[in-house]
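Results of the structural survey
As a plain string of letters, each chain reads:
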4 protein chains.
Amino acid sequence: MTQIVSFIGLGAMGYRMAAHLPQTFSEVRVWNRTFEKAQQHAKDYGTQATSLEEAAQADIIFSCLPTSQDVEHLIATLEIKPGAIWVDCTSGVPASAKKLIAELKLKDVDYLDAPVSGQTIGAEKATLTFMVGGSADAFERALPAMQVLGKLIKHVGDSGAGFAVKAVNNMMMAIHLCAACEGASTLKSHGVNVQEAFECINASSGQSAITTSILPNRVFNRAFPSTFALALLAKDTGIALDLVQENKLSAPIIASTQSLVQAASNLVEAGSDFSTLAKMYESINKVTIE
Amino acid sequence: MTQIVSFIGLGAMGYRMAAHLPQTFSEVRVWNRTFEKAQQHAKDYGTQATSLEEAAQADIIFSCLPTSQDVEHLIATLEIKPGAIWVDCTSGVPASAKKLIAELKLKDVDYLDAPVSGQTIGAEKATLTFMVGGSADAFERALPAMQVLGKLIKHVGDSGAGFAVKAVNNMMMAIHLCAACEGASTLKSHGVNVQEAFECINASSGQSAITTSILPNRVFNRAFPSTFALALLAKDTGIALDLVQENKLSAPIIASTQSLVQAASNLVEAGSDFSTLAKMYESINKVTIE
Amino acid sequence: MTQIVSFIGLGAMGYRMAAHLPQTFSEVRVWNRTFEKAQQHAKDYGTQATSLEEAAQADIIFSCLPTSQDVEHLIATLEIKPGAIWVDCTSGVPASAKKLIAELKLKDVDYLDAPVSGQTIGAEKATLTFMVGGSADAFERALPAMQVLGKLIKHVGDSGAGFAVKAVNNMMMAIHLCAACEGASTLKSHGVNVQEAFECINASSGQSAITTSILPNRVFNRAFPSTFALALLAKDTGIALDLVQENKLSAPIIASTQSLVQAASNLVEAGSDFSTLAKMYESINKVTIE
Amino acid sequence: MTQIVSFIGLGAMGYRMAAHLPQTFSEVRVWNRTFEKAQQHAKDYGTQATSLEEAAQADIIFSCLPTSQDVEHLIATLEIKPGAIWVDCTSGVPASAKKLIAELKLKDVDYLDAPVSGQTIGAEKATLTFMVGGSADAFERALPAMQVLGKLIKHVGDSGAGFAVKAVNNMMMAIHLCAACEGASTLKSHGVNVQEAFECINASSGQSAITTSILPNRVFNRAFPSTFALALLAKDTGIALDLVQENKLSAPIIASTQSLVQAASNLVEAGSDFSTLAKMYESINKVTIE
């Protein structure tokens, strides 16, 4: 296509995501705070490492940064091409999306909150899930570009809806992780063969993405690879609890789980994988989950 | 095979399970409190409707009753064939399994706690999961008979381990149900398209058997079919919490979820499906989950 | 004293509080949105009903409004006498105090967040407790005026500290209320004489202001007088949970209690007394707490 | 009086309680597993150190042992004087009271579950609170003896009611302790002067026996004196949660608190005072409560 596309933020996800764009778009600009990464990306995938200002002069601008605050800081002083669509893949805050869509509208720029799931493997294979909030029109116009990077792409509501779904997804994942750790601790303490037990559970109503994937690949094998920090999960689940508070809702398990995730995050070393939450359960129950 | 096999308790699960046995065993005896059901089963599937006493004179005796108490009452006065194995598919109490294995050992009868998952469809297609506690020897001897009824058959530990795994599975399912209801309520209240959102979640880390199956088939469509009563779920989750208490464990999400399941069960009509737990969330959050 | 003192907001608390000021101060101005109330107050207690603008031209200005937002709206466009101290007795939000102290400093006005406890009876008898946040200097200067209205007056920290203590106090009160309702429901369900039981508890380690005062005076006697709305308690406890979230703390009982208070508040009629939280417990446990 | 009275179990409480009996009763027998303690008691207070068998031949027999199991073991083989009343001051299990009252009735012996509160200071000053379950007749007959040891003596219901009230009291105390620790952690983290804050709370609706006594005397001063073990509190709160489970009640704060108390108990050294629960909160919130 003749549209110019940019990708801002070449972290573990962004680096892999941006790699697919040259297959479809003739001009792809990439920018990263540590600029060497952008230059390496250009070399690896035929993109162009540009200044942030040039990256902002594209038709479709993807961003994938650690927090909404980072995106806000970036956008604050940036001149963006009128008519452009900013597709923000950050796991951000719904209130920030509402603020940014209003600010950018004044500059004739559209904004979509479009967080993704699927981890680095999904980024690599372009099988990500996009949960997108914003106007239906902007969604339709950005859809072809998102389809280059993902498989399931859903318009879930107005501005902020995408971030809300991502936060709720991660909160549900955290709840399932607590459930799995508590279940496993209980069974272990009663002398049950935990791994055989979870094979049964995986074939039963207690199954979750946590029980089929995270328990065997991170906990049972004591690997705890540092891919998604517990502190970032605590941030995301905090966003979910803020949504509950904001609308005066009652969500007891969300509230309790936030306490547990935050406690575990406060107890472990910075950067520890979210799966190390299991270690808090091992400590209070004097068992090893394996 | 020339072994005589019996099946005691022809409820929704048992009726379908027992139907497969004549394919493999030449003599299959069935008994049910409402005897007409046993007679109908004999007519339908070529089994023999016998007295309880005759059913107890088999090599392998399956039971599938509502509670451990029912099994205990039945066994209390029954004369069972020495050398037999009693395979109890009830969703029962681990302590009861330990009591029964000791009692039956005195009569030279083996006992396995062997609850199943897979619902009536799994019973019909013989694709059930068996989670089995008891001696390895009894497990091996009963395995061929269980293989006629199920697909995944696991020996998960000593006596009571099977019941423990089933209770923990159901507790985890209950936690996932609360998570899904809370997540859906939050998203709905914020104007998100809930069903599109859950398609994203089903492709993400927040997925569970609840989100892929129960939400769309029971809640979103407002069907709430009465297949598994909320009161029975409350019984099973209560067994899980008792396991936690018994070994002085700390399982905050299990404890909180038991409160919620019990509250919902106390609020609804007897016999209401476990998925009606969603209605409690709808009531306290003034939303409809659809 | 020759200082001019104002009182803004003559609700159930403010009306009674302002009544004491003329004993000590020669000029006391009062203002209320419904102005008749101010005129009545002037007639009853020798204060002066003035315009909001005149009230803002005092040396010490008390305010007692429903929420921090109300105070912010009022102050936004108001010209306040330089050198004045604004003593805000609202049960407000710590972040709002920090915002107001900064804004007012530009106008050479001091601001104290100075919420009170002691209910209308304490306001009437001038035995209120003041928990005050802000500068030590402003506290010292406002102390004589606060001493006219209260008995225990504490400087608990910098700006926002007063509001934080009030929110935490009310959260603790809410937790104690849940504890009392759960304890009473459990005892009632087991056939215990609940009122005799709570006489014992009141003499034991389980005592709280809830068990000595609220249970007998509002719940056991089925009075549930509407003095402090459950919705306002939910607001205050929400402030406490926000404090927890803001600093990434883990407070499981605070989090769970917020869910319960919010659920109860969503279920009852607007204006229902906070003690009607007991009715939610009665409903889920099928008991009457009496 | 001419009745013979015995006291079995001369621990920290029992030793002080039994000391008052000779003032009123001419013959007081005491027994303790470590018999030297009984002999010392006889020397100190004019009681008679006897064998367990002789102690059981009294008109009124007090017992004060660590658990219901200890009482059951003792009573199992003991010959007790027909017509006697056994007043069990242990913090015991309601189900055990029901079992013992039935067993002892066969021997024409009455049984009262009569746990006490008031700590060692209350035992010393004879100002204990007795919460008593059992028959009204036995209560009336044992009342004069209990009045020698306590101040508030209440018949709260049938057999087991006394134990239930004690367990619920201790559960409420545990909830209040969690509330106080969470509130203090939150305030501390926000820079509030915690001790001044709690002086305000003690004069407000958030007051409890924990905030007025335990926080200043055990936590703020870092004393944590080992008088009542966290493990024993976990036992008592466990009894309360069992009462909830037994009657299919929903008590979310009781359930959550049990998780926290049990976790803290599993984390600390054996024998640590219940107030060390504060240290768990300090650890997960990276604050010191002082």
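The structure presented is a predicted model; accordingly, all values stated were derived computationally and were not measured.

Glancing now at the overall build of chain A. Helix and strand counts for chain A come out as 13 helices and 9 strands. Taken over C-alpha atoms, the radius of gyration comes to 20 Å for chain A, in line with the 19 Å a tight globule of 290 residues would show. When the backbone C-alpha atoms are referred to their principal axes, chain A occupies close to 65 × 45 × 35 Å. When each of the 290 residues of chain A is scored for burial, the buried share is 62%. When contacts within chain A are restricted to residue pairs at least 6 apart in sequence, long-range pairs at least 24 apart make up 65% of them.

Below, the discussion takes up the interface of chain C and chain B. On the chain B side, the residues contacting the 7 residues of chain C number 7 residues. Of the roughly 610 Å² buried between chain C and chain B on both sides combined, carbon and sulfur atoms contribute 58%. Between the two partners, chain C and chain B, sit 0 salt bridges. The interface formed by chain C and chain B holds 4 residue pairs in polar contact (both at pLDDT 80 or more) in total. Elements with a contribution of two residues or more to the side of chain C that touches chain B: helix H12 (252-267) and helix H13 (277-285) of chain C.

Position of Leu267(D) relative to the elements: it lies in helix H12 (residues 252-267). Take Leu267(D): its relative accessible area is 41%, and that puts it in the partly exposed class. Setting aside anything within four residues of it in sequence, one finds Leu267(D) in contact with Ser283(A), Ile284(A) and Met280(D).

After a rotation of 180° and a shift along the axis of 0.0 Å, chain C superposes on chain B with an RMSD of 0.0 Å. Interpreted geometrically, this transformation is the action of a two-fold axis. Counting the interface residues of chain C, we find that 100% of their copies in chain B are interface residues as well, pointing to one common contact surface.

Before going further, it helps to examine the packing of aromatic side chains. Applying the stated criterion to the full structure yields 16 aromatic pairs over all chains. Positioned above the aromatic ring of Phe224(A) is the side chain of Lys279(A), whose terminal nitrogen or guanidinium carbon lies 4.4 Å from the ring centre.

Glancing now at the UniProt feature "active site" (unreviewed entry) in chain A. Residues and elements named next belong to chain A. When the UniProt feature table is mapped onto this chain, "active site" (unreviewed entry) is found at Lys166. Following the sequence through the fold, Lys166 ends up in helix H8 (residues 161-189). What makes Lys166 buried here is its relative accessible area of 11%. When sequence neighbours within four positions are dropped, the list of residues in contact with Lys166 reads Ser91, Pro115, Val116 and Met131. At 3.1 Å, the side chain of Lys166 and the backbone oxygen of Val116 are in polar contact.

What follows covers the pairing of strand S9 (residues 150-157) of chain A. Residue and element names in this part refer to chain A. Sheet topology places strand S8 (residues 128-133) next to S9; 6 bridges connect them, and they run parallel. By the bridge assignment, Phe130 is partnered in S9 with Ile153. Of the crossover connections in this fold, the one passing from S8 over helix H7 (residues 136-149) to the parallel S9 is right-handed.

This next bit is on the domain arrangement of chain A. Residues and elements named next belong to chain A. The domain boundaries assigned to chain A delineate domain 1 (4-158) and domain 2 (164-285). Between domain 1 and domain 2, the C-alpha centre-to-centre distance is 29 Å. With 11 residues of domain 1 in contact, the opposing surface of domain 2 contributes 8 residues. Between domain 1 and domain 2, the buried area comes to about 830 Å², and carbon and sulfur atoms account for 63% of it. Its largest share of buried area at the contact with domain 2, domain 1 owes to Ser91, Pro94 and Met131, together 47% of the area lost on that side. For the interface between domain 1 and domain 2, the tally reads 0 salt bridges. Viewed at the interface, domain 2 and domain 1 are joined by 4 residue pairs in polar contact (both at pLDDT 80 or more). Here the residues of the side of domain 1 that touches domain 2 are counted per class, giving 7 nonpolar, 4 polar and no charged.

So, on to the UniProt feature "domain: 6-phosphogluconate dehydrogenase NADP-binding" (unreviewed entry) in chain A. Following the UniProt record, the feature "domain: 6-phosphogluconate dehydrogenase NADP-binding" (unreviewed entry) maps to residues 5-157 of chain A here. Helix makes up 42% of residues 5-157 of chain A and strand makes up 25%, while its end C-alpha atoms are separated by 24 Å.

Right, let's get into the environment of Ala18(D). Examined against the element boundaries, Ala18(D) turns out to sit in helix H1 (residues 12-18). Each C-alpha atom of the pair Ala18(D) and Val71(D) lies 17 Å from the other, and the pair is 53 residues apart in sequence.

Attention shifts here to the relation of the copies chain A and chain B. Its rotation angle being 180°, the transformation that places chain A on chain B also includes 0.0 Å of axial translation and leaves an RMSD of 0.0 Å. Interface overlap between copies is the fraction of interface residues in one copy that are interface residues in the other; for chain A against chain B it reaches 100%, indicating a shared surface.

To continue, consider the packing of helix H9 (residues 194-202) of chain A against helix H10 (residues 209-220) of chain A. Residue and element names in this part refer to chain A. Where H9 contacts H10, the two axes come as close as 10 Å, and the packing angle between them is 165°. Looking at the two axes, H9 sits roughly antiparallel to H10. For the pair H9 and H10, the sense of crossing is left-handed. Between H9 and H10, the contacting residues are Val194, Gln195, Phe198 and Asn202 on the first element and Thr211, Thr212, Leu215 and Phe220 on the second. Among the residues forming the contact of H9 with H10, the class breakdown is 4 nonpolar, 4 polar and no charged.

Let us now look at the interface of chain A and chain B. Contacts between the two partners involve 60 residues from chain A, matched on the other side by 60 residues from chain B. Across the chain A/chain B interface, buried area totals approximately 5,000 Å², and carbon plus sulfur atoms make up 65% of it. Of all residues in chain A, the largest losses of buried area upon contact with chain B belong to Met172(A), His190(A) and Ile253(A), amounting jointly to 12% of the total for that side. Where chain A packs against chain B, one counts 4 salt bridges. With a closest N to O distance of 3.1 Å, Glu199(B) and Lys154(A) form a salt bridge. With 19 residues, the single largest contributor to the side of chain A that touches chain B is H8(A). Considered class by class, the residues forming the side of chain A that touches chain B number 32 nonpolar, 23 polar and 5 charged.

A full pass over the atoms with the stated rule returns 44 salt bridges over all chains. A salt bridge links Lys235(C) to Asp236(C); the shortest N-O distance between them is 3.2 Å. Of the residues examined, Asp236(C) reaches a relative accessible area of 3% and is grouped as buried. A network of salt bridges, in which partner residues are shared, links Asp110(A), Asp137(A) and Arg141(A).

On to helix H9 (residues 194-202) of chain C. Two residues of an α-helix separated by three or four positions point the same way, owing to the 3.6 residues in each turn. Residue and element names in this part refer to chain C. Taken together, the buried positions of H9 are occupied by Val194, Ala197, Phe198, Cys200 and Ile201. For H9, the angular spread of buried residues about the axis comes to 150°, placing them on one side. For H9, the N-terminal capping position is held by Asn193, with its side-chain oxygen 3.2 Å away from the main-chain nitrogen of Gln195.

Our focus in this paragraph is the state of the cysteines. Using the criterion set out here, one finds 0 disulfides over all chains in the structure. In this structure Cys200(D) is a free cysteine whose sulfur lies 13 Å from that of Cys89(C), the closest cysteine sulfur available. Take Cys200(D): its relative accessible area is 0%, and that puts it in the buried class.

This paragraph deals with the side chain of His176(C). As for its placement among the helices and strands, His176(C) is situated in helix H8 (residues 161-189). Overall, the relative accessible area of 0% leaves His176(C) in the buried class. Setting aside residues no more than four positions away along its own chain, His176(C) makes contact with Ser208(C), Ile210(C), His176(D), Ala179(D), Gly206(D), Gln207(D) and Ser208(D).

All names here are of chain A. Structurally, Asn32 is set in the loop between strand S2 (27-31) and helix H2 (35-45). According to the relative accessible area criterion, Asn32 is buried, its value standing at 10%. For Asn32, the side chain forms a polar contact with the main-chain nitrogen of Leu10, separated by 2.8 Å. Among the polar contacts listed, one links the side chain of Asn32 to the backbone oxygen of Thr34, at a separation of 3.0 Å. When sequence neighbours within four positions are dropped, the list of residues in contact with Asn32 reads Gly9, Leu10, Gly11, Lys37 and Ala38.

The rules behind these values
- Residues numbered from 1 in each chain as written.
- Chains lettered and ligands numbered in written order.
- Predicted model: local features only at pLDDT ≥ 70, side-chain atom pairs only at ≥ 80, totals over all residues.
- Heavy atoms only, no water.
- Helix = DSSP H or I, 4+ residues; strand = E, 2+ residues; numbered from the N terminus.
- Rg over C-alpha atoms; globule rule 2.2 N^0.38 Å.
- Buried < 20%, exposed > 50% of the residue type's maximum accessible area, 1.4 Å probe, protein only.
- Contact = heavy atoms within 4.5 Å.
- Buried area = accessible area lost by both parts, 1.4 Å probe.
- Salt bridge = Lys/Arg side-chain N within 4 Å of Asp/Glu carboxyl O.
- Polar contact = N/O pair within 3.5 Å; in protein donor to acceptor, adjacent residues only side chain to side chain.
- Least-squares fit on C-alpha atoms with pLDDT ≥ 70 in both.
- Phe/Tyr/Trp six-rings, centres within 6.5 Å; stacked < 30°, edge-to-face > 60°.
- Lys NZ or Arg CZ within 6 Å of the ring centre and 35° of its normal.
- UniProt positions renumbered as here; feature names shortened; annotations may be inferred.
- Pairing = 2+ DSSP bridges.
- Right-handed = clockwise from strand over helix to strand, strands pointing away.
- Domains from an automatic or database assignment.
- Nonpolar A, V, L, I, M, F, W, Y, C, P; charged D, E, K, R; others polar.
- Axes fitted to C-alpha atoms, helices over the stretch in contact; angles between N-to-C directions.
- Parallel < 35°, antiparallel > 145°, perpendicular 65-115°, else oblique.
- Left-handed = near helix turned anticlockwise from the far one by under 90°.
- Arc of directions from axis to C-beta.
- Disulfide = S-S within 2.5 Å.

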